[in-house]
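Here is how the chains run, residue by residue.
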Number of protein chains: 2
Amino acid sequence: MSQGEGGLRERKKLQTRAALTDAALRLALEKGPDSVTAEEIAEAADVSVRTFFNYFPHKEYAILGRNPAHLESALERIATAPAEQSPLTTMWLIVRDVLHDLMAEGELSRRGELIMGSPSLLYHLMLSSMDDERQLSAALTERIGDPLRARLIVSAAGTACRVAVELHKDGPDSAPADLVDAAFQLLAQGLDPDYQKGSS
Amino acid sequence: MSQGEGGLRERKKLQTRAALTDAALRLALEKGPDSVTAEEIAEAADVSVRTFFNYFPHKEYAILGRNPAHLESALERIATAPAEQSPLTTMWLIVRDVLHDLMAEGELSRRGELIMGSPSLLYHLMLSSMDDERQLSAALTERIGDPLRARLIVSAAGTACRVAVELHKDGPDSAPADLVDAAFQLLAQGLDPDYQKGSS
DNA sequence: GCAGATTCTTGCAGTCACTGCAAACTATTA
DNA sequence: TAATAGTTTGCAGTGACTGCAAGAATCTGC
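The structure contained in this document is the topic of the report that follows. Bear in mind that the values here come from a model prediction, so they are computed numbers and not experimental data.

**Some points on the relation of the copies chain B and chain A**
Superposing chain B onto chain A takes a rotation of 179 degrees combined with a translation of 0.0 Å along the rotation axis, leaving an RMSD of 0.3 Å. Read as a symmetry element, the transformation amounts to a two-fold axis. When each C-alpha of chain B is compared by its distance to the rotation axis, G190 of chain B comes out closest, at 1.7 Å. Most of the interface of chain B is mirrored in chain A: 96% of its interface residues are interface residues there too.

Shown next, in the form of structure tokens:
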């Protein structure tokens, strides 16, 4: 019979993955994300470079250390949201919780700054976000029917987060969470009440 | 006295750049964007590989062959838009014209499909778009004052385009231009009239 | 039209990311 | 414990990209 989750093999894999993401984040913070080499990360985690690339398709994925649980729980929540809850509200609740988790781990500041400061990290984050978006959009379309609106809501939610973090970085007057709130408000109520009134 | 724009040197540089982007696009279409090598592109344009990398920071930039004029004209238009024109309308007019130009060049289909089909191209495009976004947001903030709203409008406009193209790719029932129109409508009027009414 | 300053191109050597393959190793299962 | 299936590793190779210094072109003032 298969041991599935509990087996030694499974545990070792998790350990190795954790060791790699930890080492990757630590080294990236120490030396700057673009000057860490895959070799250093592998060495710090005490595995071969080849093994490192068995775990991650790109060096950047290790530094991003994305938590696959986030996407899964988001999909779950979209599917099981109460009928009376409007779709953007669902997205907002999801975003709020993810944000909350990240803050709790103290990661938003450290990792967030790291990511925003490095084009290659940003690029890979967006790469994986766009993949997520596709899945989230599909789930939301399932609920509300309108594919365009579903896709826009999901993408706009992502945009709201990004804009909030960028804005917070530019002038840290307000907390990211407040900025995200405000952004969602704007998206919900409309970005422009006078749209096309002024077009020739 | 400097010859500036008209000199032979300047003309040759433009020629070389054009030869490189042309070769890059042609080869990418022929063999798929991920299997073209920098060496092939350089050879087709009859320059050394080293020279290729003097012109473009990444292989992908040559394939994208972005037109810097588009950004400049957009910035210009934001700055000089009539006072009675609402900001999202301005963005919509800009997007519509860029789209129109691309269609006219017959590039939207060829290059657009190429880009959408290749993760690495897509992300290089987004990376450069994010740079544009920053500049466009700054210009729009200048006009309307509210940085959050300006940033959201610019980012959302970009999102609208991307979503429209993706959706068009999924099921080409409707023209990209119509999808963009619909997306802007939704963004203008609000993605979700019932926002937060259903939150516990 | 020419010498000298400026700018481009090029080859070369080197670093690093990433891949496929096959051998060695280790957990799992019967 | 023996067979099996999954994991790790070294190795060799491809390709992106960079810095450097030499050579070739263009441009400038005269």
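**Remarks on the pattern of salt bridges**
Here the idea is simple: oppositely charged side chains can pair when their charged atoms come close. By the definition in use, this model includes 14 salt bridges over all chains. Measuring nitrogen to oxygen at the nearest pair gives 3.3 Å for the salt bridge that ties R162 of chain A to E166 of chain A. Remark: E166 of chain A and R162 of chain A occur in helix α9 (residues 147-170); sequence separation between them is four residues, near one turn of the helix. You can call E166 of chain A buried: its relative accessible area is 9%. E40 of chain B is the salt-bridge partner of K31 of chain B, the closest N and O atoms lying 2.4 Å from each other.

**Topic: the packing of aromatic side chains**
Tallying each qualifying case throughout the model produces eight aromatic pairs over all chains. Their ring planes at 45 degrees and their centres at 5.7 Å tell us that F52 of chain A and F56 of chain A sit as a pair that is tilted. F56 of chain A matches F52 of chain A in its accessibility class, with the two residues each being buried. With a centroid separation of 6.3 Å and an interplanar angle of 80 degrees, the aromatic rings of Y195 of chain A and W92 of chain B are classed as edge-to-face.

Definitions and limits used
Residues numbered from 1 in each chain as written. Chains lettered and ligands numbered in written order. Predicted model: local features only at pLDDT ≥ 70, side-chain atom pairs only at ≥ 80, totals over all residues. Heavy atoms only, no water. Least-squares fit on C-alpha atoms with pLDDT ≥ 70 in both. Contact = heavy atoms within 4.5 Å. Salt bridge = Lys/Arg side-chain N within 4 Å of Asp/Glu carboxyl O. Helix = DSSP H or I, 4+ residues; strand = E, 2+ residues; numbered from the N terminus. Buried < 20%, exposed > 50% of the residue type's maximum accessible area, 1.4 Å probe, protein only. Phe/Tyr/Trp six-rings, centres within 6.5 Å; stacked < 30°, edge-to-face > 60°.

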